[in-house]
Amino acid sequence: MTLLTTLSTELDQMAQAGTLKRELPLRTPQGAVVEVEGKGEVIMLTSNNYLGLANHPAIVAAAEKAEGDYGYGLASVRFICGTQTIHRILEKRISEFFGMEETILYGSCWNANEGLFQTILTDEDAIISDELNHASIIDGIRLAKCRKERYKNRDVADLRRALDATRDARNRLIMTDGVFSMEGSLAPLPEMVQLAREHGAFLVVDDSHGTGVLGKTGRGTAEELGVFGKIDAYTSTLGKALGGSHGGFTTGPKVLIDYLRQKSRPYLFSNTLPPAVVMGSIAALDLLEKDTSFVDRLRRNTMHFRRGLTERGVRIREGITPIVPILIGDTAKAIAISAELLDHGIFVSGFGFPVVPQGQARLRCQISAAHTTEQLDRAITAIVEVGQKYGVVAG
Ligand SMILES: Cc1ncc(COP(=O)(O)O)c(C=O)c1O
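Residues numbered from 1 in each chain as written. Predicted model: local features only at pLDDT ≥ 70, side-chain atom pairs only at ≥ 80, totals over all residues. Heavy atoms only, no water.

1. Let's talk about the packing of aromatic side chains
Put simply, the rule reads: Note on aromatic contacts: the rings of Phe and Tyr and the six-membered ring of Trp form a pair at centre separations within 6.5 Å, being stacked when their planes are under 30 degrees apart, edge-to-face when over 60 apart, and tilted otherwise. The helix count covers DSSP runs of H or I at least four residues long, the strand count covers runs of E at least two residues long, and both are numbered beginning at the N terminus. Only protein chains enter the accessibility calculation, which uses a 1.4 Å probe; a residue is then buried when its area is under 20% of its type maximum, exposed when over 50%, and partly exposed in between. We count a charge as sitting over a ring when the NZ of a lysine or the CZ of an arginine lies within 6 Å of the ring centre and within 35 degrees of the ring normal.
As enumerated under the stated definition, the model contains four aromatic pairs in all. The interplanar angle of 50° and the centroid separation of 4.8 Å between the aromatic rings of Phe98 and Tyr234 together place this pair among those described as tilted. Taken as a pair, Phe98 in helix H4 (residues 85-98) and Tyr234 in strand S10 (residues 233-237) lie far apart in primary sequence, 136 residues in all. A relative accessible area of 1% places Phe98 in the buried class. Ring-pair connections join several aromatic residues into one group, and the members of that group are Phe97, Phe98, Tyr234 and Phe249. Its guanidinium or amino end placed over the ring of Phe294, Arg297 lies 5.3 Å from that ring's centre, counting from NZ or CZ.

2. Overview of the sheet that holds strand S6 (residues 172-177)
Rules: Between any two strands, pairing holds if DSSP finds at least two bridges. Only the stretch in contact is used when a helix axis is fitted, and all axes are lines through C-alpha atoms; the angle between N-to-C directions ranges over 0 to 180 degrees. Every residue pair with non-hydrogen atoms within 4.5 Å of one another is taken to be in contact.
Strand order in the open sheet made by the seven strands is S3-S11-S10-S9-S6-S4-S5, with mixed pairing throughout. Every interior strand has two partners, whereas the edge strands, strand S3 (102-106) and strand S5 (147-151), have only one. Across the sheet, the mean angle separating the axes of adjacent strands is 20° when strand polarity is ignored. Bridge analysis of strand S4 (residues 126-130) against S6 gives four bridges, and the strand direction is parallel. When the bridges of S6 are listed, Ala126 appears paired with Arg172. Those strands touched by helix H8 (residues 156-165) are S4, S5 and S6, and its axis lies near 160° from that of S5. Helix H11 (residues 254-263) contacts S3, strand S9 (202-206), S10 and strand S11 (248-252) of the sheet and is inclined by roughly 30° relative to S3.

3. A word on the nonpolar core
Rules: Among buried residues, the Ala, Val, Leu, Ile, Met, Phe, Trp, Tyr and Cys ones that are joined through side-chain atoms within 4.5 Å form a nonpolar core. Reported domain spans reflect what an automatic or database domain assignment gives.
Formed by 80 residues in total, the largest nonpolar core has its most connected members in Leu45 and Phe305. Ranked by the residues each element gives to this core, the list is headed by helix H13 (residues 275-290), at eight residues. Taken together, domain 1 (20-50 + 292-389) and domain 2 (58-290) each give at least three residues to this core, which thus spans both. Not counting chain neighbours up to four residues away, the residues in contact with Leu45 comprise Phe305, Ile346, Phe347, Val348, Arg364, Cys365, Gln366, Ile367, His371, Leu376, Ala379 and Ile383. Of all hydrophobic cores here, the second largest spans 20 residues; its members include Ile104, Phe117, Ile137 and Leu268.

4. Things to note about the sheet that holds strand S12 (residues 323-329)
Taken in spatial order, the three strands of this open sheet run S12-S15-S14, and their pairing is antiparallel. Sheet topology places S12 and strand S14 (349-351) at the edges, where each strand pairs with a single neighbour. Between one strand and the next, the sheet's axes are offset by a mean angle of 30°, whatever the strand orientation. Its contacts with the sheet place helix H14 (residues 293-311) against S12 and strand S15 (361-366), and it is angled at close to 30° to S12.

See below:
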């Protein structure tokens, strides 16, 4: 029993330090307001339901219809007998949305990242990655047998250094999050596009938190920063703004996607996306492409919330994204504040080490197009009240 004893000792230590993560069961669908078991109705301020589509009637109806028309599951991977016409339609729709030649669907964006670098890079090649990239990119890079170079978060000069240091590699791939999910900050894509061109490197953006969120039409971080059409390839998720269910993809040049379809292990050896998710995602794209009302509302809500907190003296990371981190420092304190906010009717998660660096624990608020102004104001008032009690907001 030595292994289990080791694990249980560590769990006890986490419990004593107040750093155990809790899972709060919701009794309702995801939305601006949810019912938490044992707590009643609370304002959800911490989900990736950016456009409020996670329980949108048109998407739920599309998913229900898909189960009637195409069944519950495919019981297979794509290349054996798991491709339906709707999978090809969704891939085409994503390609058009991003202005790319081709798209490959995965079970998640985690899988898309996991299945990218190890597949296309060898020991003759190099990957150059932002130090704050998402865990799926970090793990994906671990699986690759290429040279690895990390540069400081969003630091263009350090990226240039990393490019110079890998000058002798056959091919180089630069990988960055579009939006850094714990910071709410944006990658400096215009400068990165230029550097990638100068150095003949291939630039890939994981735009999981930008897709459907940023840019006038929700086409993401590159649209926001004026370089849409200049990124070589993207990975992204269907599990956040685009309906919030599950699934991910890589979209880019046809030859890249053709190659991944032949060789990418999470694609070859893991089940195809279920029909309900495929049709739900198509319905999400329909809503997003019809007009910009969801994106506009999200932007208005974000600005209202950011302004409201700043005016009341709450220290947030400045920015334009609906990810609004409130810096706390100590992990146990962040978790305690999050628990107390729940008692005030606000559901917002506290994140600590190892999700963020030691000493940089934070509450991560996330805004949705589905929030009303009144809900956001209630959340601001509660954050100020609890923040003052814990000494993280001036009284
Ligand atoms: C930047 C980034 N990439 C990838 C993922 C994983 O996405 P998925 O839930 O589709 O696996 C996330 C989710 O947290 C993310 O923030």
